[in-house]
Amino acid sequence: MDQNFRRHGISAKKDSWKTILLLSYQSLGVMYGDLSISPLYVFRSTFADDIEHSETNEEIYGVLCFVFWTLTLVPLFKYVFVVLRADDNGEGGTFALYSLICRHAKVSLLPNRQIADEALSTYKLDCPSESENVSKVKGLLEKHKSLHTALLVLVLLGTCMVIGDGVLTPAISVFSAVSGLGFSMSKEHHLYAVVPITCFVLVCLFALQHYGTHRVGFLFAPIVLTWLLCITTLGVYNIFRWNPQIYKALSPYYMYSFLKKTKKRGWMSLGGILLCITGSEAMFADLGHFPYTAVQIAFTFMVYPALILEYMGQAAYLSKHHQLNDHLGFFITVPENVRLPVVIVGIFAAVVGSQAIISGTFSIINQSQSLGCFPRVKVVHTSEKIHGQIYIPEINWMLMILCIAVAVGFRDTKHMGNASGLAVMTVMLVTTCLTSLVIVLCWRKPPIIALAFLIFFGSIEILYFSASLIKFLEGAWVPIILAFILMTVMFVWHYATIKKYEFDLQNKVSLEWLLALEPSLGIARVPGIGLVYSDLVSGIPANFSRFITNLPAFHRVLVFVCVKAVPVPYVPNAERYLVGRVGPQAHRSYRCIVRLGYRDVHQDVDSFESELVKNLAAFIRFDASDNRGPDSFTSEMSGSGECRLTVIGTAGFSGPPAYEVDGSVELGSVSAGFETIESLTEMTGLETIVAIDRSERRVRFAVDDESDRRLDDTNDSILAELEELRAAQEAGTAFILGKSHVKARQGSSFLKRFAINVGYNFLRQNCRGPDVALRVPTASLLEVGMVYVL
């Protein structure tokens, strides 16, 4: 995978066709494993109960026609030519669409949004001017808070169904592939062998997840390519061997004839036909790994023709074999002398397809967690070179247990297909709805175009969705139950997170209180750096006042740290840190806002601590070079009661972090006059950084003759501040976090009391603590008890 396409936004057109073709080949193993193995179970699921294969061939021709046009309209036209263009800085998926919408309209429920975030290079709001109709749609969305909540619920529904698909796809894929072994053993042995072998393969698949995709990923593309060539060859062989006229069945007339003959039974069988597009969403969700052109070429010229030829080949074979109503699976159409090798390749392809959806599940849960919509879990990075490859232990083992339960509980592709089909169509419906909003809000197209997109593709998907929903008692209940449980968990967690932020905002301490903490009051300043974590982007958090009340001492260098999510996929290192003073220079107190995108991750504590100190040193140097001096606090802070913040870049730093930092300080250039948007927050200024040549200036903590010469315009107080920062880092760092106990306010409704007192507290006690999410070492952790009354 070429990360430059994603990280730097390099257009595929600037690269040679050789590079594009190589990336197209690599995308086969990442994006198309699930979609390419759909022929294993489509015909078997479609003809399971609802319809039978008759000698007139109307049923098989009708199913083939539905498969052809469904593959053409949904993956090819909808995804390849429309949805893939709705990327967020090269990233795709449900959260990418939601992120785009939140940036172009004020519909996010996160209360810590700042105008300063719009200066990020990845924010990308370049778009045509709004028309009157577009402005009306935008105004309607922004005006009604209920629409904000409805949009979030829609996104969470899509997210939950993706997680449900992560349970169902490995089960049905591996089970269908292993079922091919039944042709080489007796029926009695087949009944007792398929399920244990499927469970064994699933256990091995999930047990290998902690090694990371990159260790075996080089095998994925060859396996999927081999499988595609295999099914293409089989399709062509069966077409010419059994029914060369099968192409006539692609006429839309056969869909009409099929529904006319089968009526309600034919409509119910659509729940099996829709499985032919299982995995289409992966093209969009995994877009961040490959450029649009490479994905387009791979699907249009390799995957799509292979699937069409294979389905035509299966239909050609079945059109001449009417006695096989009980054996309409894929492997019956494979010649007996090559059946075993095809089964083996199919099992490997099923594992690759399952791997893609498992990795996608890890990714979307990490994104949900970063936006405060999922309980904290431990995220492990499996690759130091490839950004975004993660492993979540708790989720991995839960997925494994649920996959095995589905395989053992159903033991047939019919029920698993009904469950998987409902999950797939729900995600596609959510994508269609969100894309229609992107067309209006982000692309500034007339609302009639978005409405036409929504009606055309939405009607197709609703047709399939209704056919899946009617199978509720025959397996479709699984994704519904999973989605209900997950949505309840996510919504309760998100609701309590928002309420906790509002509580912190209402109970924050004034800056005057902090400045009044003097030795005369029995307050001591101890050596070291104190990092006070809070969700607040301004003000002194209440957990710090509680800390001072119980332990009347705090560190010589005090830093209020806020790690906040921004509605972009990635925040460049040079734009990640907003740094400023809290109080006058002599107080040695600072604020640092660390901005992360929904696909970024918090750094390890050692690297984060060193990066933070580098940023503080760079800010002190800039503060001095800006000629404001130590007495500028009163005049500049009088309006807001809070410090100004400066964008400090750290991408160019190198060298030992403890004593001396040698390297360039990259200062971002942003606009002046930024303020916090939300009425809940106080105004936070953002100091303008003039774009002059400072790239070669160095930051040294040592005070020697060389630094005196290079800092000839810096007064002694700034030199002392740098020296004090160095000494504080050598003395050690303490991480001060709030340990919360949450309860509902008296007089709250029963639903709210149950959600907070029971639901949220249960989740909070059984998920990872904030110290794990922030990667704080236990030896340096100080927890302050806080009671939140929401």
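The rules we used
- Residues numbered from 1 in each chain as written.
- Predicted model: local features only at pLDDT ≥ 70, side-chain atom pairs only at ≥ 80, totals over all residues.
- Heavy atoms only, no water.
- Axes fitted to C-alpha atoms, helices over the stretch in contact; angles between N-to-C directions.
- Helix = DSSP H or I, 4+ residues; strand = E, 2+ residues; numbered from the N terminus.
- Parallel < 35°, antiparallel > 145°, perpendicular 65-115°, else oblique.
- Contact = heavy atoms within 4.5 Å.
- Nonpolar A, V, L, I, M, F, W, Y, C, P; charged D, E, K, R; others polar.
- Buried < 20%, exposed > 50% of the residue type's maximum accessible area, 1.4 Å probe, protein only.
- Patch = residues over 30% accessible without salt bridge, like charges linked within 9 Å, V, L, I, M, F, W, Y side chains within 5 Å.
- Areas by Shrake-Rupley, 256 points an atom, 1.4 Å probe, with all protein chains shown as cover.
- Salt bridge = Lys/Arg side-chain N within 4 Å of Asp/Glu carboxyl O.
- Core = buried A, V, L, I, M, F, W, Y, C linked by side-chain atoms within 4.5 Å.
- Phe/Tyr/Trp six-rings, centres within 6.5 Å; stacked < 30°, edge-to-face > 60°.
- Lys NZ or Arg CZ within 6 Å of the ring centre and 35° of its normal.
- Polar contact = N/O pair within 3.5 Å; in protein donor to acceptor, adjacent residues only side chain to side chain.
- Pairing = 2+ DSSP bridges.
- Left-handed = near helix turned anticlockwise from the far one by under 90°.
- Expected span 1.5 Å × (residues − 1).
- Bend = angle between axes of the 7 residues up to and from the residue.

### Comments concerning the packing of helix α7 (residues 132–143) against helix α8 (residues 145–178)
At step 1: The interhelical angle for the contact between α7 and α8, taken along N-to-C directions, is 90 degrees, at an axis separation of 5 Å. As far as their axial angle goes, α8 and α7 are roughly perpendicular. Contacts between α7 and α8 involve Leu-140, Leu-141, Glu-142 and Lys-143 from the former and Lys-145, Leu-147 and His-148 from the latter.
At step 2: The residue inventory of the contact of α7 with α8, partitioned by class, reads three nonpolar, one polar and three charged.

### Observations concerning helix α6 (residues 94–104)
At step 1: Of all 11 residues that make up α6, 11 are buried, and the element is covered over most of its length.
At step 2: Of all the residues in α6, the buried ones are Thr-94, Phe-95, Ala-96, Leu-97, Tyr-98, Ser-99, Leu-100, Ile-101, Cys-102, Arg-103 and His-104.
At step 3: Along its buried surface, α6 packs onto α7, α8, α14 (280–285), α16 (339–370) and α18 (413–441).

### Observations concerning unusual backbone geometry
At step 1: Even without being glycine, Lys-263 reaches a positive phi, approximately 55 degrees.
At step 2: Structurally, Lys-263 is set in the loop between α12 (253–262) and α13 (264–273).
At step 3: Judged by relative accessible area, Lys-263 falls into the exposed class, the value being 58%.

### Description of a nonpolar patch on the surface
At step 1: Where nonpolar side chains cluster on the molecular surface, the patch consists of Phe-472, Leu-473, Trp-477, Ile-481, Phe-484 and Ile-485 and spans about 650 Å² of accessible area.
At step 2: Positionally, Leu-473 belongs in the loop between α19 (447–469) and α20 (477–506).
At step 3: Take Leu-473: its relative accessible area is 75%, and that puts it in the exposed class.

### Topic: the nonpolar core
Considering soluble globular proteins, one finds that nonpolar side chains tend to be buried as a cluster.
At step 1: Among the nonpolar cores identified, the biggest contains 164 residues, and Tyr-32, Leu-71, Phe-299, Tyr-311 and Phe-330 are the most heavily contacted of them.
At step 2: Not counting residues within four places of it along the chain, the set of residues in contact with Phe-330 comprises Pro-39, Leu-40, Trp-227, Ile-231, Leu-234, Glu-310, Gln-314 and Val-342.
At step 3: Membership of the second largest hydrophobic core comes to 31 residues, among which are Tyr-590, Ala-618, Phe-735 and Leu-781.

### Regarding the packing of aromatic side chains
At step 1: Inspection of every chain in the model, using the stated rule, returns 24 aromatic pairs.
At step 2: Between Phe-68 and Trp-69 the ring centres are 5.1 Å apart and the planes differ by 80 degrees, which places this aromatic pair in the edge-to-face class.
At step 3: For Phe-68, a relative accessible area of 15% corresponds to the buried category.
At step 4: Ring centres of Trp-227 and Phe-330 lie 5.6 Å apart, and the angle between their planes is 50 degrees; this geometry places the pair in the tilted category. Taken together, the positions of Trp-227 in helix α11 (residues 220–242) and Phe-330 in the loop between α15 (292–319) and α16 put the pair 103 residues apart, joining distant regions of the chain.
At step 5: By the ring-pair criterion, three or more aromatic residues cluster together here, those being Trp-513, Phe-544, Phe-547, Phe-554 and Phe-560.
At step 6: Over the aromatic face of Trp-242 sits the side chain of Arg-241, whose NZ or CZ is 4.2 Å from the ring centroid.
At step 7: Sitting above the plane of the Tyr-788 ring, Lys-500 keeps its charged end 5.1 Å from the centroid.

### Let's talk about the side chain of Gln-369
At step 1: Structurally, Gln-369 can be placed in helix α16.
At step 2: A polar side-chain atom of Gln-369 sits 2.5 Å from the main-chain amide nitrogen of Val-377.
At step 3: Apart from the residues lying within four places of it in its own chain, the contact partners of Gln-369 are Phe-374, Pro-375, Arg-376, Val-377 and Val-379.

### Structural notes on the sheet that holds strand β5 (residues 577–581)
At step 1: Ordered in space as β7-β5-β6-β4-β3-β11-β12, the seven strands form an open sheet in which the pairing is mixed. Taken across any chain shown, the strands that pair with only one partner, and hence form the sheet edges, are β7 (646–648) and β12 (781–789). Averaged over all pairs of adjacent strands, the angle between their axes in this sheet comes to 30 degrees, without regard to strand direction.
At step 2: On the sheet, helix α22 (residues 542–550) packs against β3 (524–533), β4 (553–565), β11 (733–743) and β12 and is oriented at approximately 115 degrees with respect to β12.

### Considerations on the packing of α6 against α8
At step 1: Contact geometry for α6 and α8: axes closest at 10 Å, N-to-C directions at 165 degrees. With respect to α8, the axis of α6 lies roughly antiparallel. In this structure, α6 crosses over α8, and the sense of that crossing is left-handed. Contact residues: Thr-94, Phe-95, Tyr-98 and Ile-101 in α6; Leu-151, Leu-152, Val-155 and Thr-159 in α8.
At step 2: Considering only residue class, the contact of α6 with α8 consists of six nonpolar, two polar and no charged.

### Remarks on helix α27 (residues 750–766)
At step 1: Compared with an ideal rise of 1.5 Å per residue, which puts 17 residues at 24 Å, α27 spans 23 Å between its outermost C-alpha atoms and is within 8% of the ideal.
At step 2: Residue Tyr-760 marks the point of greatest curvature in α27, where the axis turns by about 25 degrees.
At step 3: Taken residue by residue, α27 has Ala-755, Ile-756, Tyr-760, Asn-761, Leu-763 and Arg-764 as its buried positions.
At step 4: Buried residues along α27 sit against α20 and β11.

### What to know about the environment of Ala-524
At step 1: For Ala-524, the location among the structural elements is in strand β3.
At step 2: Ala-524 gets classed as partly exposed once you look at its relative accessible area, which sits at 34%.
At step 3: In the structure, Ala-524 is positioned 24 residues away from Ile-548 in sequence and 10.0 Å away in space, judged by C-alpha atoms.
At step 4: Look past the residues within four positions of Ala-524 in its chain and what remains in contact with it is Pro-552, Ala-553 and Phe-554.

### Thoughts on the pairing of β11
At step 1: In the sheet, β3 pairs with β11 via four bridges, with the strands oriented parallel. Within β11, the position partnered with Ile-529 by the bridge is Thr-733.
At step 2: Where β11 lies against β12, nine bridges are found, and the strand directions are parallel. Opposite His-741, over in β12, you have Val-787 as the bridge partner.

### Examining the pattern of salt bridges
At step 1: What the rule picks out here adds up to 13 salt bridges.
At step 2: Salt-bridge contacts for Glu-474 lead to Lys-414; the nearest nitrogen and oxygen are separated by 3.3 Å. Of this pair, Glu-474 sits in the loop between α19 and α20 while Lys-414 sits in helix α18; the two residues are 60 residues apart in sequence, bridging distant segments of the chain.
At step 3: Residues joined in a network through salt bridges with shared partners are Glu-58, Glu-59 and Lys-261.

Everything listed is a geometric property; what it means functionally is a separate question.
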